[in-house]
Amino acid sequence: MSQNSPAEDLRVQRTRKLLREALIDLTTEKGFAALTVQDITERAMVNRATFYRHYEDKYDLAMSTIGEVLADLKLPEDSPPLDEQAHDQPAAALVSLFEHMAAHFKFYRTMLGKDTFPQLEWRIRGHVEELMRQRLAAAGYDQRQTRLPFDLCMSATVSMAIGVIKWWIEQKMPYSPQQMALWLPQLNILGLQYALGDDGAG
C-alpha cells in the first residue's frame with residue numbers, strides 16, 4: 001500500500017481543518033440542525049466530492065471534530081485526596097480540563113450550546129466521572145458504605161460539574177481555569193451552604 005507524501009498529508013490536514021472551522025462557524029450562525037453539507041463546503045471553499053472523501057455526512061464531521069479536540073485533552077492522575085483539595089489548591093486534572101476548554105473556547109461554546117451535540121456533553125461527563133472516581137478511590141472512600149447509592153452520588157456530582165462548566169463557557173470564561181478548578185470541588189464537596197458563606201456556626 002502506498003503512503004501519502006508529506007505534501008499530500010499537509011493538504012489533507014488543511015482540508016480537514018477548513019471543514020472543521022466551517023462546521024463550528026456555521027453551527028454558531030445557523031444551528032447544527034439547519035446546516036447542510038453544501039453550506040459547509042461553500043464556507044470551507046472545498047468541493048462536495050472532497051468532503052465525501054473525508055466524511056460520510058455532517059454528523060461524521062461533527063463526531064470527528066469532537067474526537068480530535070478531546071484527543072488533545074490530557075488529564076494528570078496524581079491529584080491530592082478530596083479532603084485535602086477543597087480548601088488549598090485545585091487538582092491538576094481539573095486545571096487541565098478547564099485550560100483545555102479555554103484553549104478551545106469557540107469549539108466548546110458552539111458544541112455545548114443549544115441545538116448541537118449531546119455526544120460532546122456525554123464525553124465530558126465521562127471525563128469528569130472518571131476524575132471523581134479516581135480521586136474518591138485515592139481518598140479511600142468505600143462505595144459499599146455510602147449513605148446513598150454510589151451511582152446516584154456520581155450522577156449528582158457529575159451533573160453539577162457539567163452545569164458549572166456550561167455556565168463558565170456561556171459567561172465567556174470570566175474566571176481563570178485555576179479558579180474554576182478550585183471552586184468546582186468546593187461546590188461539590190462542601191456544598192451550597194459553604195459556597196454562600198454560611199459555615200453553619202451560630
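Calculation criteria
- Residues numbered from 1 in each chain as written.
- Predicted model: local features only at pLDDT ≥ 70, side-chain atom pairs only at ≥ 80, totals over all residues.
- Heavy atoms only, no water.
- Helix = DSSP H or I, 4+ residues; strand = E, 2+ residues; numbered from the N terminus.
- 1 Å grid on protein atoms, 1.4 Å probe; cavity = no way out; pocket = protein on both sides within 12 Å on 5 of 7 lines; lining within 4 Å.
- Points joined across faces, edges and corners; volume = space filled by probe spheres on them.
- Core = buried A, V, L, I, M, F, W, Y, C linked by side-chain atoms within 4.5 Å.
- Buried < 20%, exposed > 50% of the residue type's maximum accessible area, 1.4 Å probe, protein only.
- Contact = heavy atoms within 4.5 Å.
- Patch = residues over 30% accessible without salt bridge, like charges linked within 9 Å, V, L, I, M, F, W, Y side chains within 5 Å.
- Areas by Shrake-Rupley, 256 points an atom, 1.4 Å probe, with all protein chains shown as cover.
- Salt bridge = Lys/Arg side-chain N within 4 Å of Asp/Glu carboxyl O.
- Phe/Tyr/Trp six-rings, centres within 6.5 Å; stacked < 30°, edge-to-face > 60°.
- Lys NZ or Arg CZ within 6 Å of the ring centre and 35° of its normal.

Points about the environment of T110
With respect to the helices and strands, the residue T110 is situated in helix 7 (residues 105–111). It is 6.8 Å that separates the C-alpha atoms of T110 and T27, two residues lying 83 residues apart in sequence.

Description of the layout of surface pockets
Taken as a whole, the second largest pocket encloses approximately 230 Å³ of empty space. Forming the walls of the second largest pocket are K17, R20, E21, I24, T65, E68, V69, D72, H104, K106 and F107. Looking at the lining of the second largest pocket, the elements with two or more residues in it are helix 1 (6–30), helix 4 (58–71) and helix 7. Here the lining of the second largest pocket takes four residues from helix 1, the largest share from any one element.

Describing the nonpolar core
Burial of nonpolar side chains together is a common tendency in soluble globular proteins. Of all hydrophobic cores here, the largest spans 50 residues; its most connected members are I40, M101, Y108, L120, I124 and I165. For this core, the secondary structure elements donating two or more residues are helix 1, helix 2 (37–44), helix 4, helix 6 (92–103), helix 7, helix 8 (118–138), helix 9 (150–170) and helix 10 (177–195). With nine residues, the single largest contributor to this core is helix 9. Residues within four places of L120 in sequence aside, it is in contact with I66, L70, F107, Y108, M111 and L112.

Re a nonpolar patch on the surface
A contiguous nonpolar patch, built from W167, Y175 and W183 and spanning about 300 Å² of accessible area, is present on the exposed surface. Take Y175: it is sitting in the loop between helix 9 and helix 10.

What about unusual backbone geometry?
One non-glycine residue, M45, lies in the positive phi region at around 60°. By relative accessible area, M45 is classed as exposed at 75%. We note that K172 has phi near 65°; this positive angle belongs to a residue other than glycine. Relative to the helices and strands, K172 is located in the loop between helix 9 and helix 10. Take K172: its relative accessible area is 59%, and that puts it in the exposed class.

Considering the pattern of salt bridges
As enumerated under the stated definition, the model contains eight salt bridges in all. Measuring nitrogen to oxygen at the nearest pair gives 2.5 Å for the salt bridge that ties E21 to K17. With E21 and K17 both in helix 1, this residue pair falls four residues apart, about one helical turn. For the salt bridge of K106 with D25, the shortest nitrogen-to-oxygen distance reads 2.3 Å. Pair noted here: K106 is in helix 7 and D25 is in helix 1, with a separation of 81 residues, a long-range link. Classification of K106 by relative accessible area gives partly exposed; the value is 40%. Taking relative accessible area as the criterion, D25 reaches 21% and is therefore assigned partly exposed.

Concerning the packing of aromatic side chains
Enumeration over the complete set of coordinates arrives at seven aromatic pairs. On the basis of an interplanar angle of 75° and a centroid distance of 4.9 Å, the ring pair of Y175 and W183 is categorised as edge-to-face. These aromatic residues form a ring-pair network of at least three members: F51, Y52 and Y55. The positively charged end of K58 is found above the aromatic ring belonging to F32, 4.5 Å away from the centroid.

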